[in-house]
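Working through the structure, step by step
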Amino acid sequence: MTAPEVHARLAGVTRVYPATAGHQPVHALGPIDLDLKRGEFFGVVGPSGCGKSTLLEVLAGLQPATAGTVTFEGNRVAGDVPDGIGVVFQEDASFPWLTVWDNTAFGLRRTGVDDTEVRRRVDDALAFMGLKDFARAYPAQLSGGMRQRVCIARTLVLQPRLILLDEPFGALDAQTRLLMGDEVLRLWRRTGATVLLITHALDEAAMLSDRIGAMSARPGRFLDIVETKWPRERESTIVSDPRFGEITGRLWDNLRGESMKSLGYAGMAAE
Amino acid sequence: MTRVGWIRLLVIVLAVGALELACRAGFVDHRVVIAPSEMAAALWRMIAAGQFTGEMTRTFGIVVAAVVIAIVLGFALGLLIHALPRVREALDPFFATYYAVPIFIFYPVLVAIFGLSPVPILLMGVATAIVAMIIATLNGLDRVPRVLTKVARVHRMGAVETALKLKLPAAAPYLFTGVKLATSYGFIGVIASEFILSPAGLGRVISDAYADFNNPRMYALILLLLIVAVVVNTGLHAWDQRWAERRGIRKP
């Protein structure tokens, strides 16, 4: 059996935010070494402020690495977001002045794809995300979960090969998050894309991911990488699998001390 | 019409009715205020006779020109100032105190430079309106969510495309507030300037009618200005509300 192809690689990546007036430089991330295998679902968990989102932005090319190299499909990522990478952010990034249909078509229209193909892909993405009946609605008429689905549909139509999800369900309630998790799994299976999910929810990471990187408090580094060994055909019902508890337990063992450190309980963490 | 709309209309009808009754019953001196029905009749006669058509064209033409210039220039300056944070920091105190300055004191200076032409009136209108548009532009651009900038980068959009396709539409509700304010201020600036010092225009005619105790003429023109101002502002307000509702923004 051949080893899975490396799709994206972070080698010795660090990110230090330069000093600003009255503030010292902030070492936010790294050094980080990570190989994302083509087609895998990789989750990243860690305490608040550990640099999870910084990791995603460096990988996407939204922020430069201070040291180390980032490569996507063998090409170095530097300065710009490479073609083939799609990002869904935690914040509501839907465009309130456009309908759901026009939101979804936004990126595609810019790429010069002909109108027939735009219509086909947008209709398909909306049907896939369960938004077909809301195509003419404006984001303000939708719930938070539906708006996030609009953003996912907008990313999906561009057929990205690497999808980066930055806590996309952070603002949603627990039940909606489970259901959205199912949708992301369906999306992942259908597109065959590599997915990197940033989340603070251990259960979400355990349910969705093939591998999960547990990060330390700032500067964020991987303390452990947990392989879930879930089958590709999985859904949110795996939360009742006994191994689910073992995985979340292992993640929490790694993160408890780090979370306390990030909250300022350094002494307690050492005990 | 909504229930609030009906209440609003009822308040206006009651106020006009009360003034009508008070004037008819002799509670209000006819030499001070005439009945609203007399104002309307005088206005109708004036329009039917084509009286002051030239003055109306001149005044409303200057108002439109002043408002358009203030909106376009104010928006452009707002964009420029927003892109230069240090300049903005330096200018912020001036913007904050701008409307505390009685800018009409500069009218004689403008007359000295441009003569008794429509230009000083136009400039007074622009000067009154432009800062509202600059402030609204800065406010709107400040409120563009940062995530949209990231979305633009993910879509590999350039600075101009980001500004036109994302920042401008995102800031539009605040820009529209600037448009509404600039329209109101431009209107006030032009009419007030004409009233004080201009040799022509509706403001001048009202001033002359006041000096001549010509109440029907004075009140007819006041009514005309009120109607125009209310219709324009109601139209802009309705448009603003429609946009805001679509975006889920609650505006009073």
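Above this note sits the structure.
This section reports on the structure supplied with the text. (Residues numbered from 1 in each chain as written. Chains lettered and ligands numbered in written order. Predicted model: local features only at pLDDT ≥ 70, side-chain atom pairs only at ≥ 80, totals over all residues.)

1. Digging into the overall build of chain A
Helix and strand counts for chain A stand at eight helices and 10 strands. Here chain A has a C-alpha radius of gyration of 19 Å; the compact-globule value for 271 residues is 18 Å, and the two agree. In terms of its C-alpha atoms, chain A occupies a principal-axis envelope of roughly 60 × 45 × 45 Å. Here chain A holds 271 residues, and the buried ones make up 45% of them. Residue pairs at least 24 apart in sequence account for 69% of intrachain contacts in chain A once pairs closer than 6 positions are excluded. (Helix = DSSP H or I, 4+ residues; strand = E, 2+ residues; numbered from the N terminus. Rg over C-alpha atoms; globule rule 2.2 N^0.38 Å. Buried ≥ 20, exposed ≤ 12 C-beta atoms within 10 Å, placed from the backbone. Contact = placed C-beta atoms within 7 Å.)

2. Describing the overall build of chain B
A tally of regular secondary structure across chain B gives 10 helices and zero strands. Out of the 252 residues belonging to chain B, those deemed buried represent 30%. Residue pairs at least 24 apart in sequence account for 74% of intrachain contacts in chain B once pairs closer than 6 positions are excluded.

3. A look at the nonpolar core
Membership of the largest hydrophobic core comes to 77 residues, with the highest contact counts inside it found for Leu59(A), Leu164(A) and Leu251(A). Membership of the second largest hydrophobic core comes to 45 residues, among which are Ile62(B), Leu123(B), Leu138(B) and Leu175(B). (Core = buried A, V, L, I, M, F, W, Y, C linked by C-beta atoms within 7 Å.)

4. Comments concerning unusual backbone geometry
Residues and elements named next belong to chain A. That bond from arginine 218 to proline 219 is cis: its omega, -5°, falls within 30 degrees of zero. One non-glycine residue with positive phi stands out, namely glutamate 73, at about 55°. Phi angles above zero are rare outside glycine, and glutamine 159 is one such case at about 50°. Tracing the chain through its elements places glutamine 159 in the loop between helix H4 (144-156) and strand S7 (162-166). We classify glutamine 159 as partly exposed; it has 13 C-beta atoms within 10 Å.

5. Concerning the environment of Ile198(A)
All names here are of chain A. Tracing the sequence through the fold places isoleucine 198 in strand S8 (residues 194-198). Residue classification places isoleucine 198 among the buried residues on the basis of 26 C-beta atoms within 10 Å. Spatially, the C-alpha atom of isoleucine 198 lies 6.0 Å from that of leucine 165, the residues being 33 residues apart in sequence. Not counting the four nearest positions on each side in its chain, isoleucine 198 is found in contact with Val44, Lys52, Ser53, Leu56, Leu165, Asp166 and Glu167.

6. A short note on the sheet that holds S7(A)
All names here are of chain A. Strand order in the open sheet made by the six strands is S6-S7-S8-S3-S9-S10, with mixed pairing throughout. With one partner strand each, in any of the chains shown, strand S6 (85-88) and strand S10 (222-227) form the two edges of the open sheet. Pairs of neighbouring strands in the sheet enclose a mean axial angle of 15°, with direction left out of account. One ladder, built from five bridges, connects S7 with S8; its direction is parallel. Within S8, the position partnered with leucine 162 by the bridge is threonine 194. (Pairing = 2+ DSSP bridges. Axes fitted to C-alpha atoms, helices over the stretch in contact; angles between N-to-C directions.)

7. Notes on the interface of chain A and chain B
At the interface, 15 residues of chain A touch 14 residues of chain B. Its residues assigned to classes, the side of chain A that touches chain B comprises 11 nonpolar, one polar and three charged. (Nonpolar A, V, L, I, M, F, W, Y, C, P; charged D, E, K, R; others polar.)

8. Re the environment of Ala40(B)
As for its position among the elements, Ala40(B) is in helix H2 (residues 36-48). Sequence-wise, Ala40(B) and Tyr219(B) are 179 residues apart; in three dimensions their C-alpha atoms are separated by 8.6 Å.

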